[in-house]
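Fold and geometry: a report
Take a look at the letters that make up each chain.
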Amino acid sequence: MAGLMAGFGHYTHAVVRGVPASLAKGALRTVHAEVDLAKAQKEHEAYVEILGTRLGLELIVLPVDESLPDCVFVEDAAVVCGDTALIPRMGAESRRREAEHMKAALKDLNLNIVEMTDETAILDGGDVLFTGREFFVGLSKRTNQRGAEILADTFKDYAVSTVPVVEGLHLKTICSMGGPGLIVIGSSEPAQKTLKIMQQMSDHRYDKLTVPDDYAANCVYMNLPNKGPVLLHATAEQYPESAKVFEKLKDHMLIPVCNKEKVKVDGALTCCSVLINKKADI
Ligand code: GLY
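Presented here is a report on the structure given in the accompanying data block. None of these values were measured; they are calculated from a predicted model.

Focus: the site of the ligand
In the vicinity of the ligand, the residues found are Leu28, Asp70, Phe73, Arg95, Arg142, Leu169 and Val265. Within the side chain of Asp70, an N or O atom sits 2.6 Å from a nitrogen atom of the ligand. Arg95 places a polar side-chain atom, nitrogen or oxygen, 2.5 Å from an oxygen atom of the ligand. Burial of the ligand by the surrounding chains reaches 99%, relative to a free accessible area of 190 Å². When grouped by side-chain class, the residues that make up the shell around the ligand number four nonpolar, no polar and three charged.

Here we look at the packing of aromatic side chains
Under the defined criterion, the tally for this structure stands at seven aromatic pairs. Ring pairing ties together the aromatic residues Phe8, Phe130, Phe135, Phe155, Tyr158 and Tyr221, which thus form one cluster. In this structure, Lys262 is placed above the aromatic ring of Tyr47, and the distance from its NZ or CZ to the ring centre is 4.9 Å.

Let's talk about the sheet that holds strand E5 (residues 112–115)
On the basis of which strands lie adjacent, the open sheet formed by three strands has the order E3-E4-E5 and mixed pairing. A single partner strand is all that each edge strand has here, and the edge strands are strand E3 (79–81) and E5. Looking at each pair of strands side by side, their axes are set apart by 20° on average, direction ignored. Along the sheet, helix H4 (residues 99–108) makes contact with E3, strand E4 (84–87) and E5, crossing E4 at roughly 170°. Sitting on the sheet, helix H5 (residues 145–154) is in contact with E3, E4 and E5, with an inclination near 160° to E4.

Thoughts on the side chain of Arg17
As for its position among the elements, Arg17 is in strand E1 (residues 13–17). Despite its burial, Arg17 pairs with no opposite charge; the closest candidate is Asp65, at 4.6 Å N-O. Reaching out from Arg17, the side chain makes a polar contact with the backbone oxygen of Glu98 at a distance of 3.5 Å. Those residues in contact with Arg17, other than ones at most four positions away along the chain, are His44, Leu62, Pro63, Val64, Asp65, Leu68, Cys71, Val72, Val74, Glu98 and His101.

A word on the sheet that holds strand E6 (residues 128–130)
In sheet architecture, strand pairing relies on hydrogen bonds along the backbone and comes in two forms, parallel and antiparallel. Taken in spatial order, the three strands line up as E6-E7-E8 in an open sheet, and their pairing is mixed. Looking along the sheet, the strands with just one partner apiece sit at the ends: E6 and strand E8 (159–164). Each adjacent strand pair in this sheet contributes to an overall mean axis angle of 20°, direction not counted. Looking at chain direction, E6 and strand E7 (residues 134–139) are connected through three bridges and run antiparallel. Opposite Phe130, over in E7, you have Phe135 as the bridge partner. Strand contacts of H5: E6, E7 and E8, with the helix running at about 160° to E8, the strand carrying the most contacts. On the sheet, helix H6 (residues 189–201) packs against E6, E7 and E8 and is oriented at approximately 150° with respect to E8.

Rules and cut-offs
Residues numbered from 1 in each chain as written. Predicted model: local features only at pLDDT ≥ 70, side-chain atom pairs only at ≥ 80, totals over all residues. Heavy atoms only, no water. Near = heavy atom within 4 Å. Polar contact = N/O pair within 3.5 Å; in protein donor to acceptor, adjacent residues only side chain to side chain. Areas by Shrake-Rupley, 256 points an atom, 1.4 Å probe, with all protein chains shown as cover. Nonpolar A, V, L, I, M, F, W, Y, C, P; charged D, E, K, R; others polar. Phe/Tyr/Trp six-rings, centres within 6.5 Å; stacked < 30°, edge-to-face > 60°. Lys NZ or Arg CZ within 6 Å of the ring centre and 35° of its normal. Pairing = 2+ DSSP bridges. Helix = DSSP H or I, 4+ residues; strand = E, 2+ residues; numbered from the N terminus. Axes fitted to C-alpha atoms, helices over the stretch in contact; angles between N-to-C directions. Contact = heavy atoms within 4.5 Å. Buried < 20%, exposed > 50% of the residue type's maximum accessible area, 1.4 Å probe, protein only. Lys, Arg positive; Asp, Glu negative; His and termini not counted. Salt bridge = Lys/Arg side-chain N within 4 Å of Asp/Glu carboxyl O.

In structure tokens:
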């Protein structure tokens, strides 16, 4: 395991994109909610500041596009692992043009680009959980079996298992990685059922960190030089009980991040960046 997981969470670059004014009214959402645009923009600026200034990642900032209300949620537009980037055919037709700038930026980083062109396939990056040793792909309204097969063909070094998404938009709406071999998971029945399926699919025994609020289970884990393990997670203001669980992680640098507005349009913490480990030789 040490070999497989050795570089897990090492990142040098983050691709991000700003919040367009069109997000407030035009972004897709699973439940109706009024978004305060100024607050959404402010919370996103704070998120980007953490990645760039506080953590020292090199930022690649894609241009905001008002005709793409969901464009801040860059995670859905690319799956990057090692030196390969899969540009998926996103599940929502209205979001497919988000891939254009993403593809160009990842090409500029000299990543190997694989494009999902099969018109029977759909996949959103939010449905892809990479654990460092394998992929779990949520089958949802945004991702289908053919999308998962193309992901498996793209990242042949890793096992790929599919998991039904029974609640929430994406697989990572209710889970994420909190460290090598550590899955952060919500406590609802659907979330726990999802974890059980993942455990049954895997020949690896993952540790789990259960948080009371499903939405708080989406965190951003990194392991950075000079900083060690870092976790961006939900704030105590937003999810007080879940924040207490994170506070028990003594080895991580814990960074609470406000995400009150973007969550109203199904945007979680992982949704707002694509993290890349660009080695000197790629
Ligand atoms: N608002 C994010 C999405 O629906 O894809």
